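# A look at the structure
Each chain, written out:
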Amino acid sequence: RIRGDVNVLLLGDPGTAKSQLLKYAENTAPRAVYSTGKGASAVGLTASVHKDPITKEWTLEGGALVLADRGVCLIDEFDKMNEQDRTSIHEAMEQQSISISKAGIVTSLQARCAVIAAANPIGGRYDSSNTLTENVELTDPILQRFDVLCVLQDTVDPVADERLAQFVTKSHMRSVPTSELVRGTATLSTQTAENDDTKASKAISQDLLRKYIQYARTNVRPVLRNNTFDQEKVASLYVALRKESASSGGVPIAVRHIESIMRMAEAHAKMHLRDYVRDDDMDASIRMMLTSFITAQKFSVRRTLQRSFAKFLSSGEDRAHLLLHILQEMFRNEQMYQVIRQRQRGGETAADLLDDVAPEIPLDELESRARDRRIYDVSEFCKSESFMDAGYILDEQRKIITRAM
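Bear in mind the structure is a predicted one, so any value in this text is a computation, not a measurement.

Moving on to the overall build of the chain. Scanning the chain for helices and strands turns up 20 helices and twelve strands. Considering only contacts within the chain whose residues lie at least 6 apart along the sequence, 72% involve residues at least 24 apart. With the model as given, the accessible surface of the chain reaches about 23600 Å², and the carbon-plus-sulfur share is 52%.

What follows is the structure, given as C-alpha cells:
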C-alpha cells in the first residue's frame, strides 16, 4: 500500500506565522485535529487502552492521528516532543496505520491523514551556515517521512516589513469586539466593508475553498500515464539528488522522495481537477522538491546547487521563449503560404506581396502546437510583456493572433 497524503514540516524563526498557518489549515480542512508537541504524548497521538469502570472491560480509544483519519493532523511545537513520542508516530506517517497490542487487544487502526508540523530551530533562530539537520533536533527517519521541508526565515526587508506593519495596524484599527457586534451596539465602518468587499472579489473565500478541497479529494482520482510525463527526468533527478546529498551532507535522500514527487504531482493535478498527471504537474512537483532540498542546505552551497539542478527546472521564461519561437515559425509559414497563393493569382513580385500580406493565426492552432511541446496553457503567455513586445495582438472575440506591421 502506498501513502497518498503529503506530510509537511514548517521550520523557521519565531514570528513567521507558523501557528497562524496551522490554525488557518484547521479551519479550512473538512476534518482536522490540532495538537501541540508539549501537550501531546505517544498514546495521545496514537491510541490508548482504558479499563471501563462499569463493565470492567478494556476499551480502546483513538488518539489525534486516528481521529484525523481522511483529514489533516496539525502538530505545533513539533521539536518540543519527546524523542520516544516522535518514534511512536513513524508507522502512522508512512504506513498510515497504528498497530496496537495491549491488554489482550491486538488490532490495527487506520490513520490515513496528512501531517503538517511546525518546529522551531535550535536556539530560536535558523542559522544559514548550518544544514537543516544541524538546525533542528530531529532524527533522519522522521525527516525522511516529510515530503516537503519548508524553511521560514525572518529576513530584514524594508518593503515587506512596512507592508506587514501596515497590515497589523489596520487590523487593530478595524477590530470591533464580537460581543458589541452581537448586541448591535457597534457596526463595521463603511470603508472597512468596502475594503473587505474589494479583497473578497480577488481572493477565494474560506468556505468556498473548503468545498473545493472536499470536492477534489472526493471525486478526482488522477492517474499516471506513460506518455504524459518524462520518466527518465525523474530517474536522473533522483540519482543527482542522491549524489549531492551524500557530498553536501544535507537532508538524506531515500526512495521515499521518489514517492513524494509522485504524490505532489498527483496533488497538483487533483488541484486542477484533472483525470491524469501531465508534464507540467510533474515539473511543479520537481520544482517543489528541489526548492525543499536546496533551502535545507548551507547558504554557501545553495547557489552551486541551483546551477547544477537548473536543467531540471523549466521556468515560465523558458516556456515564453519557446512559444515565441513557435509563433514566429507559424507566422513565417502562414506568410509564405499567402504569398504563394497570391503569386499564383497575379504577377506581383515577392517583395510587394510580403508588404500586402497580413497573416492571422488561430489560437487553437497555437495551443495544439504548444501541446506537442508539453505546454498546456498559453493564456498567461498571451498576456505577457514578451508577447506584446514582439508585436503580437490577441483578438479574444475571434480567437485570432495578428501581428502589428
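Right, let's get into the nonpolar core. Leu9, Leu65, Phe78, Leu132 and Phe146 are the most contacted members of the largest nonpolar core, which totals 36 residues. Of all the secondary structure elements, the ones that give two or more residues to this core are β1 (8-12), α3 (64-67), β5 (72-76), α5 (90-94), β6 (97-102), β8 (114-119), α7 (140-144) and β9 (148-152). The residues contacting Leu65, other than those within four sequence positions of it, are Leu45, Cys73, Ile89, Ala92, Ile98, Ala111, Cys113 and Val115. Among the nonpolar cores identified, the runner-up in size contains 28 residues, and Val8, Ala29, Phe229 and Phe293 belong to it.

Turning our eyes to something else, we now look at the packing of aromatic side chains. Two descriptors summarise a pair of aromatic rings, namely the distance from one centre to the other and the angle between the planes of the rings. Applying the stated criterion across every chain yields a total of five aromatic pairs. Ring geometry for Phe78 versus Phe146: centroids 5.8 Å apart, planes at 90°, classification edge-to-face. In this pair, Phe78 is assigned in the loop between β5 and α4 (83-87) and Phe146 in the loop between α7 and β9, connecting sequence segments 68 residues apart. Phe146 carries the same exposure label as Phe78, and that label is buried. Through successive ring pairs, a cluster of aromatic residues spans Phe331, Phe381, Phe387 and Tyr392. Note that Lys23 overlies the ring of Tyr34, its terminal NZ or CZ placed 4.0 Å from the centroid.

Right, let's talk about the sheet that holds β8 for a bit. Spatial strand order, β2-β5-β8-β1-β9: five strands in an open sheet with parallel pairing. Each end of this open sheet is capped by a strand with a single partner; those strands are β2 (32-36) and β9. For this sheet the average axis-to-axis angle between neighbouring strands, irrespective of direction, equals 15°. Of the strands in this sheet, β1, β2, β5, β8 and β9 touch helix α1 (residues 18-28), which is tilted by about 160° from β5.

What counts as what
Residues numbered from 1 in each chain as written. Predicted model: local features only at pLDDT ≥ 70, side-chain atom pairs only at ≥ 80, totals over all residues. Heavy atoms only, no water. Helix = DSSP H or I, 4+ residues; strand = E, 2+ residues; numbered from the N terminus. Contact = heavy atoms within 4.5 Å. Areas by Shrake-Rupley, 256 points an atom, 1.4 Å probe, with all protein chains shown as cover. Core = buried A, V, L, I, M, F, W, Y, C linked by side-chain atoms within 4.5 Å. Buried < 20%, exposed > 50% of the residue type's maximum accessible area, 1.4 Å probe, protein only. Phe/Tyr/Trp six-rings, centres within 6.5 Å; stacked < 30°, edge-to-face > 60°. Lys NZ or Arg CZ within 6 Å of the ring centre and 35° of its normal. Pairing = 2+ DSSP bridges. Axes fitted to C-alpha atoms, helices over the stretch in contact; angles between N-to-C directions.

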